[in-house]
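As a plain string of letters, each chain reads:
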Amino acid sequence: MPHSKWFAAVGTAAVVTMVMVPAQQAASAPSNAAPNSVSAATTLYYDDSRAGGWEAAIAAGVATWNANVTNVKLAKAPSGTRAQIRIIATNGWPQASLGPVRPGGQGWVELGSQAVAQGYDKTRIAAHEIGHNLGLPDTKPGPCSKLMSGSSAGVACRNPVPDAAERSRVESAYGGRAAAAQTPADGRVMVDVP
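About the cut-offs
Residues numbered from 1 in each chain as written. Predicted model: local features only at pLDDT ≥ 70, side-chain atom pairs only at ≥ 80, totals over all residues. Heavy atoms only, no water. Salt bridge = Lys/Arg side-chain N within 4 Å of Asp/Glu carboxyl O. Helix = DSSP H or I, 4+ residues; strand = E, 2+ residues; numbered from the N terminus. Buried < 20%, exposed > 50% of the residue type's maximum accessible area, 1.4 Å probe, protein only.

The tally for this structure, following the rule as stated, stands at two salt bridges. The partner of D48 in a salt bridge is K76, with the nearest N and O atoms 3.2 Å apart. Of this pair, D48 sits in strand β1 (residues 42–50) while K76 sits in strand β2 (residues 72–76), placing them 28 residues apart in sequence. A salt bridge links D163 to K146, with the shortest nitrogen-to-oxygen separation between them at 2.7 Å. Placement of D163 in the loop between α4 (122–133) and α5 (164–174) and of K146 in the loop between α4 and α5 is noted, with a sequence separation of 17 residues between them. Judged by relative accessible area, D163 falls into the buried class, the value being 16%.

Pasting the structure below:
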């Protein structure tokens, strides 16, 4: 190959390489977007239409989970949409099915007024029971800093926020291959009686 054509080919390759390198670096560079955007998260819909009197506590519990994990998001089920989590108010003790609940699956939460009558915080109860649907068992006895310590933390405990270990476990349950595996919910019933 004559030198002029060889230089032209090398020059073209160099230009292509110079243009491609920044594009490759841009693809791997961190962006200002959230690490796991909502579109990449598993969305679970909940129905609280039978949880009269608990709406504010449920909304606060859902907001707490949505603010603390990125691989799963909770959203109120629009009319006509099948909810994966059914939430109802009862007269007994709070209880829930143990997940992790997956799209297409179904879990349930019973928000019992008996715990409220004894002085337990409604928002903590709602966040705790939703935590069961997200795959977290009870960790009793436990301190107030652990959401899943439930009633064992005492009536003075108002903490509705999962700790780092609880957040990590939920993130793992709904991240990557774990979310794609579509493993069924555990099905055990978690009753939060002191």
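A few words on the side chain of T64. Within the secondary structure, T64 is located in helix α2 (residues 55–68). Taking relative accessible area as the criterion, T64 reaches 12% and is therefore assigned buried.

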